[in-house]
Amino acid sequence: METRIDGRTRLYALIGSPIGHSGSPAMYNYSFRKLGINSAYLAFDTPLEKTEAAIEAFRTLNVGGFNATMPCKAITAQCVDRLSPAAELVGASNTVVVEEDGSMTGHMTDGAGFFRNLKEHGVEAAGKKIVILGTGGAATAIAVQAALDGVEQIALFNRKDEFFANGEKTVDKIKKAVPGIGKVLIEDLDNTEALQGFISESDILVNGTRAGMSPLEDIMPVPEEFLRPELAVADVVYNPRETLLLKKAKEAGCRAAVGGIGMLLWQGAAAFELFTGQEMPAQEVMDKFFS
Ligand code: NAD
């Protein structure tokens, strides 16, 4: 029986659908308890068409904040009162803080979580050249954060599918918002010559596609002969924990091979800090809930 909850307990929440599998309630509730914060976190299964109503209900009930996952991230950005630079550029928000005056600020912590995870693995991105595979939700958040964090060159690669146009928009938005940045471009993933060229001059290769994720676990997003020891390789995929790309990166002696589970942890830790002003006990959360 939960004895922490009383008349002053602040509610935090997750909206999205499906969310039954989400590790967020366990992660946040453990951290609230550990730090003695009088708050509780619940997941509310919310389809796209009910997102606006859910957010209005949160306003009425003066919740402390909430996270949004698929399919609610883009509409959440449209419903709040202001956006962080990353959320504005991505056009989506995964973390909303309800300010003291009741107004809502939308943030996007996926990209920040990705780069915090790289840093934890000894990889600094500022001033470096990066190749990002993918132009969907995760890859866009990473590309935008890369630009905001001072990466020198960003080469996006995607198949000519329904996500390609989104990548073209991301390139335009980044160039306008960060005019001092070096080269930012998008290429067809099937253009292997361009892919090899950009990977050979880059410091970091990121897989931001679904290639490698179950049931696509046998798919390598790039030919393995493009991997080399000077390259740091990171994957957003966390199911399986070690993707085929990471396995091949280790075999090729790449200087880092970083999985997606840490991104999941650190985007949550960034949201926790925005909610509470305190640091999440990230290592404990990792050991208890993500190992
Ligand atoms: P999305 O649907 O928005 O985008 C999918 C992307 O994958 C597109 O760029 C698409 O072109 C590409 N793609 C799909 N199949 C492909 C294939 N066979 N070969 C090459 N490219 C292919 O998805 P998303 O929300 O960006 O998620 C992408 C991956 O990132 C998923 O595995 C997801 O679990 C993971 N993810 C991880 C985190 C984290 O915290 N680690 C956060 C968000 C997403």
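Residues numbered from 1 in each chain as written. Predicted model: local features only at pLDDT ≥ 70, side-chain atom pairs only at ≥ 80, totals over all residues. Heavy atoms only, no water.

A. The overall build of the chain, seen in detail. A tally of regular secondary structure across the chain gives 11 helices and 12 strands. Along the first, second and third principal axes, the C-alpha set of the chain runs to 60 × 40 × 35 Å. Within the chain, counting contacts between residues at least 6 apart in sequence, those at least 24 apart form 70% of the total. Split by element, the accessible area of the chain, about 13500 Å² in all, is 51% carbon and sulfur. Charge-centre separation for the chain: the mean point of 28 positive side chains lies 3 Å from the mean point of 38 negative side chains. (Helix = DSSP H or I, 4+ residues; strand = E, 2+ residues; numbered from the N terminus. Contact = heavy atoms within 4.5 Å. Areas by Shrake-Rupley, 256 points an atom, 1.4 Å probe, with all protein chains shown as cover. Lys, Arg positive; Asp, Glu negative; His and termini not counted. Charge placed at Lys NZ, Arg CZ, Asp CG, Glu CD.)

B. Geometry of helix H5 (residues 110–120). Those residues of H5 that fall on the buried side of the exposure criterion are Asp110, Gly111, Gly113, Phe114, Phe115, Asn117 and Leu118. Count one or two residues on from H5 and you reach Gly122, which has phi positive near 80 degrees. (Buried < 20%, exposed > 50% of the residue type's maximum accessible area, 1.4 Å probe, protein only.)

C. Region of the structure containing the nonpolar core. Counting 31 residues, the largest nonpolar core has Ile132 and Ile154 as the members making the most contacts within it. The leading source of residues in this core is helix H6 (residues 137–148), at 5 residues. Excluding residues that lie within four positions of it along the chain, Ile132 makes contacts with Ala139, Ile142, Ala143, Ile154, Ala155, Leu156, Phe157 and Val206. Counting residues in hydrophobic clusters, the runner-up holds 22 residues, among them Tyr12, Ile19, Val97 and Phe290. (Core = buried A, V, L, I, M, F, W, Y, C linked by side-chain atoms within 4.5 Å.)

D. Focus on the pairing of strand E8 (residues 153–158). Among the 6 residues of E8, 6 are classified as buried, and the element is accordingly described as predominantly covered. On E8, burial covers both faces: Gln153, Ala155 and Phe157 on one face and Ile154, Leu156 and Asn158 on the other are all buried. Pairing geometry for strand E7 (residues 129–133) and E8, over 5 bridges, is parallel. Across the sheet, residue Val131 finds its bridge partner in E8, namely Ala155. Once you follow E7 into H6 and on to E8, the crossover reads as right-handed. For E8 and strand E9 (residues 184–188), the ladder comprises 5 bridges, and the chain directions are parallel. Paired with Ala155 across the bridge in E9 is Leu185. Crossover connection from E8 via helix H7 (residues 164–177) to parallel E9: handedness right-handed. (Pairing = 2+ DSSP bridges. Right-handed = clockwise from strand over helix to strand, strands pointing away.)

E. Highlighting the site of the ligand. Close to the ligand lie 20 residues; Ala138, Asn158, Asp161, Met213 and Gly260 are nearest. Between the ligand and Asn158 there is a distance of 2.7 Å, counted from an oxygen atom to a side-chain nitrogen or oxygen. Take Asp161: an N or O atom from its side chain is 2.6 Å from an oxygen atom of the ligand. Protein contacts shield 86% of the accessible area of the ligand, which totals 850 Å² for the unbound molecule. Secondary structure elements with two or more residues in the shell around the ligand: H6 and helix H10 (261–276). In terms of residue class, the shell around the ligand is made up of 9 nonpolar, 8 polar and 3 charged. (Near = heavy atom within 4 Å. Polar contact = N/O pair within 3.5 Å; in protein donor to acceptor, adjacent residues only side chain to side chain. Nonpolar A, V, L, I, M, F, W, Y, C, P; charged D, E, K, R; others polar.)

F. Here's a closer look at the domain arrangement of the chain. As far as domains go, the chain holds domain 1 (10–108 + 264–290) and domain 2 (111–259). The interface of domain 1 with domain 2 comprises 10 residues on the first partner and 13 residues on the second. Between domain 1 and domain 2, roughly 1100 Å² of surface is buried when both sides are summed, and carbon and sulfur atoms account for 72% of that area. By the criterion of area lost to domain 2, the three top residues of domain 1 are Leu89, Val90 and Trp266, representing 61% of everything that side buries. Joining domain 1 to domain 2, the criterion identifies 0 salt bridges. Between the two partners, domain 1 and domain 2, sit 2 residue pairs in polar contact (both at pLDDT 80 or more). Secondary-structure elements contributing two or more residues to the side of domain 1 that touches domain 2 are helix H4 (85–90) and H10. Its residues placed into classes, the side of domain 1 that touches domain 2 shows 8 nonpolar, 2 polar and no charged. (Domains from an automatic or database assignment. Buried area = accessible area lost by both parts, 1.4 Å probe. Salt bridge = Lys/Arg side-chain N within 4 Å of Asp/Glu carboxyl O.)

G. Just the packing of aromatic side chains, in detail. One pass over the structure, following the stated rule, counts 11 aromatic pairs. For the ring pair Tyr28 and Phe275, a centre distance of 6.1 Å and an interplane angle of 55 degrees mean the geometry is tilted. Placement of the pair is Tyr28 in helix H1 (residues 24–35) and Phe275 in helix H10, with a sequence separation of 247 residues. Each member of the pair, Tyr28 together with Phe275, is buried. Ring geometry for Tyr30 and Phe289: centres 5.7 Å apart, planes at 70 degrees, overall edge-to-face. Separated by 259 residues along the polypeptide, Tyr30 in helix H1 and Phe289 in helix H11 (residues 282–290) bring together distant segments of the chain. Taken together through their ring pairs, the aromatic side chains of Tyr12, Tyr28, Phe32, Tyr41, Phe272 and Phe275 make up a single cluster. A cation over an aromatic ring shows up here: Arg116 above the ring of Trp266, its NZ or CZ 3.8 Å from the ring centre. Above the ring of Phe164, the side-chain terminus of Lys160 is found at 4.9 Å from the ring centroid. (Phe/Tyr/Trp six-rings, centres within 6.5 Å; stacked < 30°, edge-to-face > 60°. Lys NZ or Arg CZ within 6 Å of the ring centre and 35° of its normal.)

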